[in-house]
Amino acid sequence: MTTTLHPKRWGILQIINMGTLISTLDVGIVNVTLPTMAEQYGVSLAQIQWVATAYLLTMVALLPFMGKISDKWDRRNIYSYGFLVFSAGSMCIALSDSFLGMILSRCLQGIGATMIMANSQAMVRQVFPDHERGRALGINAVVIAIGTMGGPALGGILLEWVSWPWLFWINVPIGLIAFVLGLRWFPRVKNNGNNTSFDLLGSFLLAGVMFLLMLAAEGSKEQGFTTSIVTEAIVGIVALIALILYERRNPHGILDRELFNNRTILVGNASSFLMNLAQTATLIPIAFYLQGQLGFSTWMTGVLLILQPLLMGIVAPYAGRFRDLYGGYFPITSGALFGAVSMLFVICFPNVSGLAIGLQLALFGIATGLFHATNNAEIMSAAPESKLSLAGSLLAMVRYMGQIAGIGLATLLVGHMGIDGGGTGETSVSMRILFGICCLSCLAVAAVGRTMPRNKPLSTD
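What you see is a predicted model; the values in this text were computed from it and never measured.

Peer 1: How would you explain the overall build of the protein if you had to name every residue and give the values?
Peer 2: A count of helices and strands for the protein gives 19 helices and zero strands. By residue count, 55% of the 461 residues in the protein fall in the buried class. Expressed as a percentage of contacts within the protein between residues at least 6 apart in sequence, the contacts between residues at least 24 apart total 85%. Surface accessibility of the protein: about 18,800 Å² in total, with carbon and sulfur atoms responsible for 69%.

What follows is the structure in structure tokens.
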């Protein structure tokens, strides 16, 4: 296995970070504009939610398919042109004069984001040697944290001064600059996956599964478990079982056998699923609890919620650097253990106070900072050269699947918090059960992590 030691690799990382930033910012930045958009287009809150959902659904449905395409064709061009498509989608959103046009433009923007996200991890693997990969992905994790916590905040600030279309206009110059720099700087490498066949049926099945599960999870946040949402979830689960059975017989399936037969990739993706489930499932009730039961203002709630991505962003580069020097075993295992311990502040305290919530958020932020960059580096280092984009896209898809599962779990156990404000003993018990399940998820990651090899990355590939 060889990795090109590109002289401009740290500059290339900044282009990759630009793609990460705009794609993560646009997940949250749109939420603050929804009431204004609903009024302008004359639609209901349930209808305007499709502006946010369409973007996520497009990415989740297309990620593995786009990864497969990128491994067959020129990854450099697909990644670079992703910025161009994203910019075009952003421009169309800003110019949309109808609700349907807005939704279609948001899907176009999602296609561009998918082209970027399916290849960002692969590009890091392509230009960084193994002994620098953790550091690079740690820096990328900082950008993810900034995008995650900065989207709603930036949107709220900008709306004080400009109209909502400008939230999308700002993507256009960023995307165009990244497009030009990508074509100039990204290395042109002949991909080795050109002779593999496309799994069109598997791709359609996977897209359908993710569409139905995502739709059910998003709808359950607003409506609870209605008959239609339960039906969507059941059909999605049945389709997932059918997909797994089909893929077991397909040597060139979208759920690639070579990737999932690799222990590091299989364990890493399973661990990522559980950690993302725990993160999403616990964040959802915390905001309701702080404002409903503890009476915190929205400003103070926001300050506490920032603790998690802030500490993740601080810890991740150091965790990545540690992995490059000594291997990934310690940060992955200790991160999972930190995550498990953080749940105890809610499970064990007699009264779940604002201090307990703050400690939980801070400690879990450290946990994710230790875990994610290191785990991503281990997965991408273990992926075969011919399937880098597919490995990266499946990792992103697993992250979304964990978030979807977390939404469903939180809705099942504490979905009534938004109605009753979280002020009953029953809610307190259900919150503790939820955090207990998430604690067990983190402990499972730590237990599995102990079986991983403790090899130190090579100083040269």
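Okay, back to it.
Peer 1: If you had to explain empty space enclosed by the protein to someone new, which residues and values would you point to?
Peer 2: Counted by the stated rule, this structure contains two cavities of 30 Å³ or more. As a volume, the second largest cavity reaches approximately 40 Å³. Looking at the second largest cavity, the residues that line it are L259, F260, I265, N269, I379, A391, L394 and L395. Broken down by element, the residue count for the lining of the second largest cavity peaks at three residues, all from helix α17 (residues 388–414).

Peer 1: An account of the layout of surface pockets is requested, with residue identities and associated values reported.
Peer 2: Space inside the second largest pocket adds up to approximately 460 Å³. Lining the second largest pocket are 19 residues, and of these I244, L255, F260, L266 and V398 sit closest to its centre. Counting residues per element, the ones that place at least two in the lining of the second largest pocket are α11 (227–248), α12 (257–260), α13 (263–292) and α17. For the lining of the second largest pocket, the element with the most residues is α11, which contributes five residues.

Peer 1: Give me the lowdown on a nonpolar patch on the surface, citing residues and values where you can.
Peer 2: Taken together, I306, L310, I314 and Y318 make up a surface patch of nonpolar side chains, about 410 Å² in accessible area. Within the secondary structure, L310 sits in helix α14 (residues 298–326).

Peer 1: With reference to specific residues and values, describe the packing of aromatic side chains.
Peer 2: This model, assessed by the stated rule, comprises eight aromatic pairs. Plain terms: the ring middles of Y41 and F99 are 6.4 Å apart, the flat faces sit at 55° to each other, and that makes the pair tilted. In this pair, Y41 is assigned in helix α2 (residues 34–41) and F99 in helix α6 (residues 99–127), connecting sequence segments 58 residues apart. Its relative accessible area of 14% is what places Y41 among the buried residues. Ring centres of F322 and F330 lie 5.5 Å apart, and the angle between their planes is 45°; on these two criteria the pair is classed as tilted. Given the relative accessible area of 31%, F322 is considered partly exposed. Aromatic ring contacts, followed pair by pair, group Y41, F99, W164 and F168 into a single cluster. Its end group placed over the ring of Y55, R106 keeps NZ or CZ at 4.2 Å from the ring centre. A cation over an aromatic ring shows up here: R399 above the ring of Y400, its NZ or CZ 5.7 Å from the ring centre.

Peer 1: An account of the packing of α6 against α17 is requested, with residue identities and associated values reported.
Peer 2: Two elements in contact, α6 and α17, have axes whose closest approach is 7 Å; the angle formed by their N-to-C orientations is 125°. Comparing their axes, α17 and α6 come out oblique. For the pair α6 and α17, the sense of crossing is right-handed. Where α6 approaches α17, its residues M117, A118, N119, Q121, A122 and R125 are matched on the opposing element by L388, S389, G392, S393, L395, A396, R399 and Y400. Across the contact of α6 with α17, the residue classes break down as seven nonpolar, five polar and two charged.

Peer 1: Can you break down the pattern of salt bridges residue by residue, with the values?
Peer 2: Going through the model one piece at a time under the given rule, you end up with two salt bridges. When the shortest N-O distance is used, the salt bridge between R323 and D324 registers 3.1 Å. R323 gets classed as buried once you look at its relative accessible area, which sits at 1%. We note a salt bridge from E378 to R323, for which the minimum N-O separation is 2.8 Å. A residue pair is termed long-range when its members are at least 10 positions apart, and E378 in helix α16 (residues 354–382) and R323 in helix α14 qualify at 55 residues. Here E378 falls in the buried class, since its relative accessible area comes to 15%. What emerges from the salt-bridge pattern is a single network uniting R323, D324 and E378.

Peer 1: Before we move on, could you go through the packing of helix α4 (residues 50–72) against α17 and cite the residues and values that matter?
Peer 2: Between α4 and α17, whose axes approach to 7 Å, the crossing angle comes to 165°. Judged by the inter-axis angle, α4 sits roughly antiparallel to α17. For the crossing formed where α4 meets α17, the hand is left-handed. Here L56, M59, V60, L63, P64, G67, K68, S70 and D71 of α4 lie close against α17, whose contacting residues are L388, S389, L390, S393, L394, A396, M397 and Y400. Of the residues that constitute the contact of α4 with α17, the class distribution is eleven nonpolar, four polar and two charged.

Peer 1: How would you explain the side chain of T20 if you had to name every residue and give the values?
Peer 2: Turning to its location among the elements, T20 is positioned in helix α1 (residues 9–28). With near-sequence residues (within four places) excluded, T20 lies in contact with N140, V143 and I144.

Peer 1: Tell me about the environment of A396, and name the residues and values.
Peer 2: For A396, the position within the fold is in helix α17. With relative accessibility at 3%, the residue A396 sits in the buried group. For the pair A396 and M117, spaced 279 residues apart in sequence, the C-alpha to C-alpha distance is 7.4 Å. Residues within four places of A396 in sequence aside, it is in contact with L63 and M117.

Peer 1: An account of the nonpolar core is needed here, citing residue identities and associated values.
Peer 2: The tendency in soluble globular proteins is for nonpolar side chains to be buried as a group. In terms of nonpolar packing, the biggest core is built from 59 residues, with M59, L63, Y79, F83, V124, M210 and Y400 touching the most fellow members. Among the elements that take part in this core, α17 stands out by supplying ten residues, more than any other. If you look at the next biggest cluster of nonpolar residues, it comprises 29 residues, including I332, M343, V346 and V414.

Conventions and cut-offs
- Residues numbered from 1 in each chain as written.
- Predicted model: local features only at pLDDT ≥ 70, side-chain atom pairs only at ≥ 80, totals over all residues.
- Heavy atoms only, no water.
- Helix = DSSP H or I, 4+ residues; strand = E, 2+ residues; numbered from the N terminus.
- Buried < 20%, exposed > 50% of the residue type's maximum accessible area, 1.4 Å probe, protein only.
- Contact = heavy atoms within 4.5 Å.
- Areas by Shrake-Rupley, 256 points an atom, 1.4 Å probe, with all protein chains shown as cover.
- 1 Å grid on protein atoms, 1.4 Å probe; cavity = no way out; pocket = protein on both sides within 12 Å on 5 of 7 lines; lining within 4 Å.
- Points joined across faces, edges and corners; volume = space filled by probe spheres on them.
- Patch = residues over 30% accessible without salt bridge, like charges linked within 9 Å, V, L, I, M, F, W, Y side chains within 5 Å.
- Salt bridge = Lys/Arg side-chain N within 4 Å of Asp/Glu carboxyl O.
- Phe/Tyr/Trp six-rings, centres within 6.5 Å; stacked < 30°, edge-to-face > 60°.
- Lys NZ or Arg CZ within 6 Å of the ring centre and 35° of its normal.
- Axes fitted to C-alpha atoms, helices over the stretch in contact; angles between N-to-C directions.
- Parallel < 35°, antiparallel > 145°, perpendicular 65-115°, else oblique.
- Left-handed = near helix turned anticlockwise from the far one by under 90°.
- Nonpolar A, V, L, I, M, F, W, Y, C, P; charged D, E, K, R; others polar.
- Core = buried A, V, L, I, M, F, W, Y, C linked by side-chain atoms within 4.5 Å.

Without other data, these values stay purely geometric and don't point to any function.
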